[in-house]
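These are the residues of each chain, in order.
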Amino acid sequence: MFEIIDENKKQYIISLHLEEISMALELKTHIVEQLRLFSKETLNKSCVDYLIKLPGNLEKYSDYEFCVDFEHIKYMAPNTKQRFLKWLQNLPNVKISHCENFEHYEEIKKMGIIENDILDYRNAFNDYGKKYIIDNCRDSQGHVTQTGTELGIYIDLKRIINDSIEMLRWCYIIAYDLNNYFSLVDDEPEKNNLLFCHTMNGSYIAGILSQLLGYDLVYVDHLGPYNKLNKVDFYKGKSRSEEFIIIADMVCQGNEFLRAKNIVEYLGGTVRGSAGILKLDISNVLDPYQINVFSINFTPEEAVNELGYSIRSKLCSGKCVECS
Amino acid sequence: MALRKIMHIADMHISNNAGDESLLQKEKYVEDLIESLKKIEDLDTLIIGGDIVDKGGSENAYESANEFIERIRDELNIKHILCVPGNHDVNRNLLMGISGDKSTKSDELWKYYDIKLKYYWQFAEKNKLNIYSHSGIVSYEILKNPNIILLGIDSTDRIGTKDGYGFINLKEIEEGFKKIFGKSREKYQDYIKIAIMHHRPIVYESNSQTIIENNGNEIGLYGTCDSENWEKAKKILLEYGIHYVWTGHVHGTQSGQIRPFDFPHDEINYSTVGSIGIDFSKELKARLTPEKDKDLLDKLEGLKCYGSLNGNHNAYNIWTISDGGLVREEQYKYIIDEGNRRWCLWNVKDFEEEIEDDSSVFGTEVMDVPVNNKEPENYEEKILDIVREQGLYKTGHYHWKNSARLNWIDTSYFFQHREMMFYIAKGFNELFEKEEKLKNVDCIIGLGIKGTILLSYIRFLFPKKKCTYIPENKKEYVRYEMVLFNENTEINSIAVLTDVVHSGNTVKTLANEVYKKTQKFQNINVVSIFDSTPDGRIATVAGQARFRLYPLAKLKVTDCPGGCENCEIYIRKLANVIEYKED
């Protein structure tokens with residue numbers, strides 16, 4: 001369901017961990033058992049049943065390079081092992097990545113499958129994500145922002161959000177990067193960091209991340225243009241001396257981030273940084289912060305040249321080079 | 001392909017105290033059991049998951065257990081038996097006997113494995129059962145063709161004179177595994193590895209609210225192991241390739257307990273079998289009187305499975321295992337069939353799909369009898385408990401620009417605690433599965449930030465439904481916010497998620513906006529945590545869509561009698577007044 005197929009590079013990349021998490025969500029057990037979904041390490045029968053039907057038409061992909069990414073998968077349901085290994089062996093030009101911790105690694109190695117840790121899902125997502133935004137999320141009708149600036153094109157991330165498969169894929173990537181960060185820096189990815197959200201899109205992303213990573217969330221409903229707090233439901237027990245990650249759909253100039261940061265600090269918390277779907281790297285607002293995790297980053301050059309993104313203010317009055 | 005059948009029983013509870021006898025001490029019951037087992041071909045292995053005797057037992061009780069083992073071995077041609085001790089096998093009298101000794105610390109009596117389980121070890125020796133150690137791995141059995149290794153683990157490690165959680169001696173099992181499997185785990189690599197222990201590591205659903213006590217002290221949830229200890233033990237089991245854990249202790253077969261099929265997050269596949277010996281009729285008779293407990297007795301009449309009201313029952317499991325792995329679990333129960341009791345194949349779980357189904361191998365009829373003695377979850381009660389405990393019902397005058405209320409429910413606590421959100425998501429999921437109107441909605445909409453967070457928790461439960469979210473109370477929606485709704489979209493019925501429904505004004509605004517876009521009157525189903533409407537409905541005017549409310553809890557909140565502008569208390573700020581400038 002979440003495979004990335006790159007027709008130019010002729011690559012077909014599968015993340016076993018993401019497929020497994022998606023199955024778990026559909027089976028609904030996480031809501032009963034209150035799971036931290038990202039810590040799932042076992043590939044289960046329902047997921048293997050799905051995988052063996054992939055890809056539907058092998059002939060179509062006979063000249064493709066297949067990569068099965070095992071990252072975060074350590075075990076598998078024992079009674080599906082034979083079928084899974086058979087499926088893996090039958091994939092044409094198959095490569096595996098991050099497989100060392102998988103319980104049947106030695107057997108897979110004996111099958112002569114090539115290992116390639118660079119050809120993994122996270123890396124493949126960079127190209128996929130950028131292409132997806134360029135192809136699907138640009139709206140040339142423009143948009144006036146809350147801060148009065150005018151955007152040449154509007155990036156409509158609700159196109160991702162309204163699609164359940166895409167939304168889970170993008171949130172998984174954020175969770176993946178945050179988990180990596182906390183594994184390296186805090187050596188404790190399961191520590192209860194707090195997610196802070198103050199927009200509709202941010203709340204939706206934070207809600208999904210909360211299920212994936214097991215963190216609680218705190219919200220402000222809503223942050224107005226002049227730091228006006230309307231309906232602050234900051235629960236007392238969670239507002240003091242806590243560390244927060246501000247969750248946003250998109251960070252561009254960083255104004256909203258700064259406003260959210262002010263609120264968090266005013267209420268006694270500390271901001272560790274920001275996480276979200278998309279960052280246009282045209283501001284250095286996030287630079288001093290430890291956490292700076294986005295599914296996709298566009299450099300300023302990419303934002304202008306590939307996305308066609310531009311910001312104008314009323315002060316411009318048509319006198320700048322671009323306008324004239 | 002070689003197949004092997006293994007029988008798993010637990011909780012025999014044999015007792016020589018008058019009135020406490022086990023069903024295994026009743027001739028008719030044992031005869032029925034053996035007759036039913038005779039129909040199962042190729043059965044040659046028996047696993048006993050602890051509690052051979054009741055309440056610590058005595059040597060005499062074990063004598064009755066010996067008789068049962070002898071009979072079942074002879075009549076069924078059982079060749080392999082593996083047994084583990086349970087908490088009832090710990091003899092507290094023997095431990096109390098040494099507690100007066102100055103060299104023994106009263107809180108460390110559990111360490112005296114030889115003494116506390118003295119009669120159990122005698123029982124094992126008498127029946128020539130393998131004993132590997134007196135703690136950690138107490139026994140193991142190697143079966144060939146198909147190759148299986150059964151590992152008996154003692155989960156009564158910390159049980160001394162007091163009962164308590166199941167606990168495993170981690171050092172002992174690790175050392176035991178090293179010896180059995182070799183330091184580099186080189187031995188038995190291709191074997192199917194199954195651990196057997198008495199305590200079910202996770203809470204048994206029917207008993208999840210039962211707190212066990214000892215001398216008035218609460219000591220834990222019934223049917224669980226110490227969670228920290230179990231997490232560590234689980235890691236060791238997985239390192240040695242053990243993915244199956246079979247248990248007893250809770251007296252009920254956990255329907256659908258076979259992981260990872262139903263609980264795909266866990267790396268271990270759990271199976272728990274009901275009690276083979278407990279006579280539930282005594283327990284019920286002691287608890288019920290015809291005058292006072294008519295409802296319960298009526299419910300009991302409705303039970304088709306011989307057991308107790310909370311879902312416990314007499315049972316045994318038969319496992320079929322092939323070279324490729326576990327093939328099938330058959331759960332047998334002692335049932336009441338038109339007044340007669342008999343053993344019946346109750347439920348079957350298939351594991352390995354590649355194996356061709358040959359019903360002649362797998363035997364008898366399958367009764368289609370639902371096991372559903374569980375009370376439905378009372379969401380309202382629990383949610384109102386949280387409101388009470390956390391002080392979420394705020395008193396005072398709450399005034400907005402266009403509306404005013406006396407008192408207010410602060411729902412933020414729910415949204416900021418993940419476990420509460422999961423609970424609410426579970427409640428919403430049940431509503432969507434149970435209510436026909438909700439089942440058929442075309443689109444689910446989160447209303448406002450809170451509705452959006454609620455949507456994020458249930459969105460992936462319904463991946464095929466259209467979902468979006470919309471801000472509250474906007475005078476005009478920008479087109480990005482209403483992107484799902486246009487004249488071409490086939491949306492006839494929507495569900496709106498929100499935290500509290502009061503006047504319904506925000507929902508009405510949303511309904512109007514959707515109408516403007518789609519030019520269709522929608523059926524609006526409002527799913528909320530609280531219904532605080534004065535009369536349980538949202539008033540509609542002619543031509544408007546119909547609203548249906550589906551709250552998890554009802555908690556009435558009154559409108560301010562003075563309204564927005566004429567309330568003296570608000571105007572003069574006489575009492576607790578909370579003012580919101582915007583609606």
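Quick caveat, the model's predicted, so the values are computed rather than measured.

Trainee: Can you walk me through the overall build of chain A in this structure?
Mentor: Helix and strand counts for chain A stand at 12 helices and 17 strands. Taken across its 324 residues, chain A has 60% of its residues classed as buried. Within chain A, contacts between residues at least 6 apart in sequence are counted, and of these 67% link residues at least 24 apart.

Trainee: It is not clear to me how the overall build of chain B should be interpreted in this structure. Could you clarify?
Mentor: If you tally the helices and strands in chain B, you get 17 helices and 22 strands. A buried classification covers 57% of the 583 residues belonging to chain B. Long-range pairs, those at least 24 residues apart, make up 71% of the contacts in chain B between residues at least 6 apart in sequence. Accessible area of chain B: about 25700 Å², with a carbon and sulfur share of 45%.

Trainee: I'm lost on the confidence of the model for chain A in this one. Help?
Mentor: Detailed reading of predicted coordinates is not advised where the pLDDT is low. Residue and element names in this part refer to chain A. For chain A, mean pLDDT is 81; residues scoring 70 or higher make up 84% of the total. At the level of individual helices and strands, chain A shows its lowest average pLDDT in helix α10 (residues 236–239), which scores 50, and its highest in strand β2 (residues 11–15), which scores 92. Across residues 225–233 the pLDDT falls below 50, and counting only partners more than four positions away or on other chains, this stretch makes 21 contacts in the model.

Trainee: Help me understand the sheet that holds strand β6 (residues 192–196) of chain B in this model?
Mentor: What holds strands together in a sheet is hydrogen bonding between their backbones, with the strands either parallel or antiparallel. Residue and element names in this part refer to chain B. Pairing within the open sheet is mixed, and its 5 strands lie in the order β4-β5-β6-β9-β10. This sheet does not close on itself; its edge strands, each paired only once, are β4 (137–143) and β10 (269–272). The sheet shows a mean angle of 20° between the axes of neighbouring strands, taken without regard to direction. Against the sheet, helix α6 (residues 170–181) engages β4, β5 (148–153) and β6, with an angle of about 155° to β5.

Trainee: It is not clear to me how the environment of Cys560(B) should be interpreted in this structure. Could you clarify?
Mentor: Residues and elements named next belong to chain B. Mapped onto the elements of the fold, Cys-560 is located in the loop between β21 (558–559) and α17 (568–571). With relative accessibility at 6%, the residue Cys-560 sits in the buried group. Note: C-alpha distance between Cys-560 and Gly-396 (164 residues apart in sequence) is 9.7 Å. Once residues lying within four places of it in the same chain are set aside, the contact partners of Cys-560 are His-397, His-399, Ala-404, Arg-405, Leu-406 and Cys-567.

Trainee: What exactly am I supposed to notice about the nonpolar core here?
Mentor: Most often, soluble globular proteins have nonpolar side chains that are buried together. By size, the foremost hydrophobic cluster in this structure holds 108 residues, and its most contacted members are Ile133(A), Ile155(A), Tyr309(A), Phe414(B), Phe428(B) and Phe432(B). Of all the elements, helix α8 (residues 164–185) of chain A adds the most residues to this core, at 12 residues. If you look at the next biggest cluster of nonpolar residues, it comprises 64 residues, including Ala61(B), Ile81(B), Val138(B) and Trp343(B).

Trainee: When you look at the pairing of strand β15 (residues 270–280) of chain A in this model, what are you seeing that I'm missing?
Mentor: Here is the key point about a regular strand: its side chains alternate between the two faces of the sheet. All names here are of chain A. The buried fraction of β15 is high, at 10 of 11 residues. Note: strand β14 (residues 243–251) against β15, 8 bridges, orientation parallel. Pairing of Glu-243 across the sheet is with Thr-270, part of β15. Across 7 bridges, β15 lies against strand β16 (residues 291–298) in parallel orientation.

Trainee: Explanation requested: empty space enclosed by the protein in the structure shown.
Mentor: A probe matching the size of a water molecule, rolled over the atoms, marks out where space remains unfilled. Taken as a whole and judged by the stated rule, the model has 2 cavities of 30 Å³ or more. In this structure, the largest cavity occupies an estimated 50 Å³ of space. Every residue lining the largest cavity is listed: Ser15(A), His17(A), Asp69(A), Glu71(A), His72(A), Asp120(A), Tyr121(A), Arg122(A), Tyr172(A) and Tyr176(A). Those elements that provide at least two residues to the lining of the largest cavity are α6 (121–137) and α8 of chain A. In the lining of the largest cavity, the residues fall into 3 nonpolar, 3 polar and 4 charged. Approximately 30 Å³ is the volume found for the second largest cavity. Ranked by residue count, the leading element in the lining of the second largest cavity is strand β15 (residues 404–409) of chain B, at 4 residues. When the residues that make up the lining of the second largest cavity are grouped by side-chain class, the tally is 4 nonpolar, 3 polar and 1 charged.

Trainee: Please explain the sheet that holds β15(A) as it appears in this structure.
Mentor: All names here are of chain A. Taken in spatial order, the 5 strands line up as β13-β12-β14-β15-β16 in an open sheet, and their pairing is parallel. Of all strands in the sheet, those bounded by a partner on one side alone are β13 (216–219) and β16. Neighbour-to-neighbour, the strand axes of this sheet turn through a mean angle of 25°, independent of strand direction.

Trainee: Would you mind going over the packing of aromatic side chains with me for this structure?
Mentor: Residue and element names in this part refer to chain B. Tallied over the full model, the rule gives 41 aromatic pairs over all chains. Taken together, Tyr-29, Tyr-316, Tyr-332, Tyr-334 and Trp-343 form an aromatic cluster joined through their ring pairs. Directly above the ring of Phe-167 sits Arg-158, whose terminal nitrogen or CZ lies 4.2 Å from the centroid. Above the face of the Tyr-423 ring, Lys-382 is positioned so that its terminal group lies 4.4 Å from the ring centre.

Definitions and cut-offs
Residues numbered from 1 in each chain as written. Chains lettered and ligands numbered in written order. Predicted model: local features only at pLDDT ≥ 70, side-chain atom pairs only at ≥ 80, totals over all residues. Heavy atoms only, no water. Helix = DSSP H or I, 4+ residues; strand = E, 2+ residues; numbered from the N terminus. Buried < 20%, exposed > 50% of the residue type's maximum accessible area, 1.4 Å probe, protein only. Contact = heavy atoms within 4.5 Å. Areas by Shrake-Rupley, 256 points an atom, 1.4 Å probe, with all protein chains shown as cover. pLDDT = per-residue confidence, 0-100. Pairing = 2+ DSSP bridges. Axes fitted to C-alpha atoms, helices over the stretch in contact; angles between N-to-C directions. Core = buried A, V, L, I, M, F, W, Y, C linked by side-chain atoms within 4.5 Å. 1 Å grid on protein atoms, 1.4 Å probe; cavity = no way out; pocket = protein on both sides within 12 Å on 5 of 7 lines; lining within 4 Å. Points joined across faces, edges and corners; volume = space filled by probe spheres on them. Nonpolar A, V, L, I, M, F, W, Y, C, P; charged D, E, K, R; others polar. Phe/Tyr/Trp six-rings, centres within 6.5 Å; stacked < 30°, edge-to-face > 60°. Lys NZ or Arg CZ within 6 Å of the ring centre and 35° of its normal.

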